[in-house]
Amino acid sequence: MASSVFKSHFVLRLVLVFSLLHMSFGTRKLTGLWQESTILNYHNGPLLYGDVKIDIVWYGEFSTSQRAIICDFITSFSSPAQSEPSVATWFATVNKYYPLTEGRIPSSVSISLGNQQHDKKYSHGKSLTQDQIKQMALAARGHQTNVIVVVLTSADVTVQEFCMICGTHGSSGNDFVYIWVGNSETQCPGQCAWPFHQPLYGPQVPPLIPPNDDMGTDGMVINIGRLIIGAITNPYGNGIYQGVANAPLEACTACPGIYGPGAYPGYPGQLLVDTATGCSHNTYGASGRKYLVPAMFDPTTSACSTLV
């Protein structure tokens, strides 16, 4: 798709969610709102299936700890050796989407961590366009198939449309899918790192303590998870979604701001809290890690599904 459109998928647009929904619906529960109004439709295009590899391009400076947090998260998607509620259990909900294709697409998908590239020298500078992100992803893919290339930009890199969006997934043709997510530690944390930072607008409740003690990286985890699910279920803009193709509601974006039961604008819902650290989370991952993942729309119940 042309780079002027590049299939922007708006992620964590909390300013819009909080301001519009709060004004229109007061304290009405966000879960109830989206359960009543959301139907995700199949638009006759392909979904990703089988074993999908996640290749990562680390653009800029990422610490060893930051890389481990994200790599462990991706490994957790298909790892059975986890406590419950687990990232693998959360991810398994995506397999409920394949019956919507009425047999056109095989019925399951798994995720594995693939290749990693490190660009610590900022080879394209510290201010990137979306087209540069796409070209980096294309170069990293090479001749691989059934791979999602995830470009991650460090906190000191500005990206076109950052703060309007926190990340995006896009494609080229019918065989290349990529994701971009930026570290919002110093850029728009109220939009892209909520609920680990107070929102820019809307209800001002105290932020949560991030499960891995890294606001920017734990915020990236939320967006990476959301976008991987979107890239699987709507990789080329004609998969499963509601709304218009260039700004769709997808499996996770259909449940904005929901992380636990009872969520409403400004309140992420009832979560698990670690008694030792005070961190909030709703799932467990590889290496004994804790994560916060967004609710996913469950097509079998027509409701936003949370793990806790």
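Up top you'll find the structure we're talking about.
Residues numbered from 1 in each chain as written. Predicted model: local features only at pLDDT ≥ 70, side-chain atom pairs only at ≥ 80, totals over all residues. Heavy atoms only, no water.

Novice: Got a minute to help me understand the state of the cysteines in this structure?
Specialist: One way to say it: the disulfide is the covalent bond shared by the sulfur atoms of two cysteines. In total, this model carries three disulfides according to the counting rule given. A disulfide bridge connects C166 with C192, and the sulfur atoms are separated by 2.1 Å. Note on the C166 and C192 pair: the S-S dihedral is about -80°, so by sign convention the disulfide is left-handed. Here C166, found in the loop between β6 (158–159) and β7 (167–172), pairs with C192, found in helix α6 (residues 189–192); they are 26 residues apart in sequence, far enough to count as distant. In terms of burial, C166 and C192 fall into one category: buried. The side chain of C255 participates in a disulfide bridge whose partner is C304; the two sulfur atoms lie 2.2 Å from each other. Since a negative S-S torsion denotes a left-handed disulfide, the C255-C304 link at about -95° is left-handed. One end of the pair, C255, is in the loop between β9 (240–241) and β10 (272–273); the other, C304, is in strand β15 (residues 303–305), and 49 residues separate them in sequence. Residue classification places C304 among the buried residues on the basis of a relative accessible area of 9%. With no disulfide of its own, C252 lies 7.0 Å from the sulfur of C255, the closest cysteine sulfur. (Disulfide = S-S within 2.5 Å. Helix = DSSP H or I, 4+ residues; strand = E, 2+ residues; numbered from the N terminus. Buried < 20%, exposed > 50% of the residue type's maximum accessible area, 1.4 Å probe, protein only.)

Novice: Teacher, can you tell me more about unusual backbone geometry here?
Specialist: Trans is the common state for peptide bonds, and a negative phi is the common state for residues other than glycine. With an omega dihedral of 0°, the bond running from E84 to P85 counts as a cis peptide bond. The residue P85 is located in the loop between α3 (64–76) and α4 (87–92) in this model. Cis geometry marks the peptide bond from W194 to P195, where omega comes out at 10°. Although it is not a glycine, E161 sits at a positive phi angle of roughly 75°. Mapped onto the secondary structure, E161 falls in the loop between β6 and β7.

Novice: Whenever I open this one, the pattern of salt bridges confuses me. Can you help?
Specialist: Across all of its chains, the model carries five salt bridges by this definition. When the shortest N-O distance is used, the salt bridge between D298 and K96 registers 2.8 Å. One end of the pair, D298, is in strand β14 (residues 296–298); the other, K96, is in the loop between α4 and β3 (109–119), and 202 residues separate them in sequence. Judged by relative accessible area, which is 34%, K96 ranks as partly exposed. Across the salt bridge formed by R141 and D175, the nearest N and O atoms sit 3.6 Å from each other. (Salt bridge = Lys/Arg side-chain N within 4 Å of Asp/Glu carboxyl O.)

Novice: Would you take a moment to explain the side chain of T93 for this structure?
Specialist: Along the polypeptide, T93 turns up in the loop between α4 and β3. Note on T93: relative accessible area 11%, which makes it buried. Residues within four places of T93 in sequence aside, it is in contact with M296, F297 and D298. (Contact = heavy atoms within 4.5 Å.)

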